[in-house]
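Inside the fold
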Amino acid sequence: MKLNRPWLRQQARRSMAGVRPSSLWVSLVYLLLTGGTTLVVSMLAAKPLMDIAKTMASSGRVNYNWMARELLSAVPFWVGCLAVLALIGLFSWVLSYGYQVYVLALAKGEKAGMGTLLTGLSVLGRVLGLNLLLALLGLLWSVVTMLPALLVNLLAVWLGTAGHLGALYVLLSGLALVLELGGLVLYCVIMLRYALATLALADHPELRTLGALRRSKELMAGMKWELVKLLLSFFGWIMLLWAVFMVAYFLSAVMLGMAVGISALGATGAAQAEQVMLAALFDGLWAVPVVVAVCAFLYLMWLMPYISVTMAHFYRVMCRERGEEREEPSAPPPAGGGGGDERTVPYWEQPYRSLEGENGAASDSRRDPDRPF
């Protein structure tokens, strides 16, 4: 089966258009409750280290005994932060399941809102069990696929330390690189089998953990490469995300440098100016991750639901292929009357129809407006 990727993205945009509350705000709340809380706790955990570095930099000398005492005194605080991060991680799994329920509801044209994010609490055991099993499978398969490359690398290192830097060492080093790349590809192929596990559980909450994994494997049979191509169609938007990261980092660094310079100008004497600059530098470092996170969240609040709803439509197409697609209500007529809009065509017929332009002519996929560049 060959997917109509532009159609899937078009359906995702239509599913997101006009919903209340907006998918952008629901996604922003999801990002704040997961990534935002993690960022805040991580910054709090880093504060003792920043205070130690600030004190040592301002004093101009390194006191290892004092540093060891400060580090030991901060251990209980770090243990508490780790516990909070673990709880946030578990809660993030619940919210992630709720978010998949939300995007699947958008794909089906059903009503969903902020409260949908908490639907995972009703099937808490299955959500946690599925995520724990996925994490365990990811760890085990990473060990299995990377073990040959690791063994060859260890053998090459042993030859190098023994002084046998000949053709065999070069051959083993090259073989290790090939095995690493092959292991990475194999790992991705294996883990793609479970790409629809959370959506399967969101669609059928009565499934148990192994049932969701089994259903995902069935739906993904023979479709892994099509899913890879679908995800690669968002490559331009993901690159723009990295550009947003870089621009936000540059702007925050420039603002921090200006603040440090202004603080130094207000000091008198070289020694005092140096201390003021160091103090302003350490006190303002928190602004860098905050600015980057804010810019990333503002971009992700649009990109994340776009990709997720597209994946939900991909899931529905896979269900349709196996005759499992549930009957859904017909789409509403377009504004201004008329019944010729392609949204009135049943869902299960649309994936195989070519996209049409305004005059009914087949559109040119090379001019896909969804591509950023």
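Please refer to the structure higher up on the page.
Just so you know, these numbers come straight off a predicted model, no measurement behind them. (Residues numbered from 1 in each chain as written. Predicted model: local features only at pLDDT ≥ 70, side-chain atom pairs only at ≥ 80, totals over all residues. Heavy atoms only, no water.)

Looking at the overall build of the protein chain
Helix and strand content of the protein chain: 12 helices and 0 strands. Along the protein chain, helices (α) and strands (β) appear in the sequence α-α-α-α-α-α-α-α-α-α-α-α when read from the amino end. Across the 373 residues in the protein chain, those meeting the buried criterion constitute 36%. Entry remark: accessible area of the protein chain is about 20,900 Å², with carbon and sulfur atoms responsible for 69%. (Helix = DSSP H or I, 4+ residues; strand = E, 2+ residues; numbered from the N terminus. Buried < 20%, exposed > 50% of the residue type's maximum accessible area, 1.4 Å probe, protein only. Areas by Shrake-Rupley, 256 points an atom, 1.4 Å probe, with all protein chains shown as cover.)

Observations regarding the pattern of salt bridges
Counted by the stated rule, this structure contains 3 salt bridges. With a shortest N-O distance of 2.6 Å, Lys108 and Asp203 are connected by a salt bridge. On the criterion of sequence distance, the pair formed by Lys108 in helix α4 (residues 75-108) and Asp203 in helix α7 (residues 197-203) is long-range, its members being 95 residues apart. With a relative accessible area of 10%, Asp203 lands in the buried category. The shortest N-O distance in the salt bridge between Glu226 and Lys229 comes to 3.1 Å. Of this pair, Glu226 and Lys229 both sit in helix α9 (residues 224-232), separated by 3 residues, roughly a single helical turn. (Salt bridge = Lys/Arg side-chain N within 4 Å of Asp/Glu carboxyl O.)

Quick word on the environment of Leu181
Its location among the elements puts Leu181 in helix α6 (residues 167-191). In the structure, Leu181 is positioned 36 residues away from Thr145 in sequence and 9.9 Å away in space, judged by C-alpha atoms.

Remarks on unusual backbone geometry
Arg20 connects to Pro21 through a cis peptide bond whose omega is 0 degrees. Here Pro21 shows up in the loop between α1 (5-16) and α2 (23-59).

Topic: the packing of aromatic side chains
Evaluation of the coordinates by the stated rule reveals 5 aromatic pairs. A centroid spacing of 4.8 Å and a plane angle of 20 degrees characterise the contact between Tyr30 and Tyr99, whose relative ring orientation is stacked. Placement of Tyr30 in helix α2 and of Tyr99 in helix α4 is noted, with a sequence separation of 69 residues between them. Neither Tyr30 nor Tyr99 differs from the other in exposure class; each is buried. Here the aromatic rings of Tyr99 and Tyr102 are separated by 6.1 Å at their centres, their planes lie at 35 degrees, and the arrangement is tilted. Separated by 3 residues within a single helix, Tyr99 and Tyr102 lie in helix α4, roughly one turn from each other. Neither Tyr99 nor Tyr102 differs from the other in exposure class; each is buried. (Phe/Tyr/Trp six-rings, centres within 6.5 Å; stacked < 30°, edge-to-face > 60°.)

Considering α6
Its 25 residues give α6 an end-to-end C-alpha distance of 36 Å, which sits within 8% of 36 Å, the value for a rise of 1.5 Å per residue. Taken residue by residue, α6 has Leu172, Ala176, Gly183, Ile190 and Met191 as its buried positions. (Expected span 1.5 Å × (residues − 1).)

A word on a nonpolar patch on the surface
A surface patch of nonpolar side chains, amounting to about 670 Å² of accessible area, comprises Trp25, Val29, Leu33, Phe91, Met114, Leu118, Leu121 and Leu124. Looking at which element gives the most residues to the nonpolar patch, the answer is α2, with 3 residues. Within the fold, Leu118 resides in the loop between α4 and α5 (124-161). Judged by relative accessible area, Leu118 falls into the partly exposed class, the value being 42%. (Patch = residues over 30% accessible without salt bridge, like charges linked within 9 Å, V, L, I, M, F, W, Y side chains within 5 Å.)

Remarks on the packing of helix α8 (residues 209-220) against helix α12 (residues 287-321)
Interhelical geometry of α8 versus α12 gives an angle of 80 degrees and a closest axis separation of 9 Å. Judged by the angle between their axes, α8 and α12 are roughly perpendicular. Facing Arg215, Leu219 and Met220 of α8, the residues of α12 in contact are Phe314, Tyr315, Met318 and Cys319. Taken together, the residues of the contact of α8 with α12 break down into 6 nonpolar, no polar and 1 charged. (Axes fitted to C-alpha atoms, helices over the stretch in contact; angles between N-to-C directions. Parallel < 35°, antiparallel > 145°, perpendicular 65-115°, else oblique. Contact = heavy atoms within 4.5 Å. Nonpolar A, V, L, I, M, F, W, Y, C, P; charged D, E, K, R; others polar.)

Section: the nonpolar core
The biggest cluster of nonpolar side chains holds 60 residues, and the ones touching the most others in it are Leu196, Phe314, Tyr315 and Met318. Element by element, the count of residues in this core is highest for α12, at 14 residues. Discounting chain neighbours no more than four positions away, the residues touching Leu196 are Ser216, Leu219, Met220, Met311, Phe314, Tyr315 and Met318. Formed by 5 residues, the second largest nonpolar core is a distinct cluster that contains Val152, Ala156, Leu159 and Ala176. (Core = buried A, V, L, I, M, F, W, Y, C linked by side-chain atoms within 4.5 Å.)

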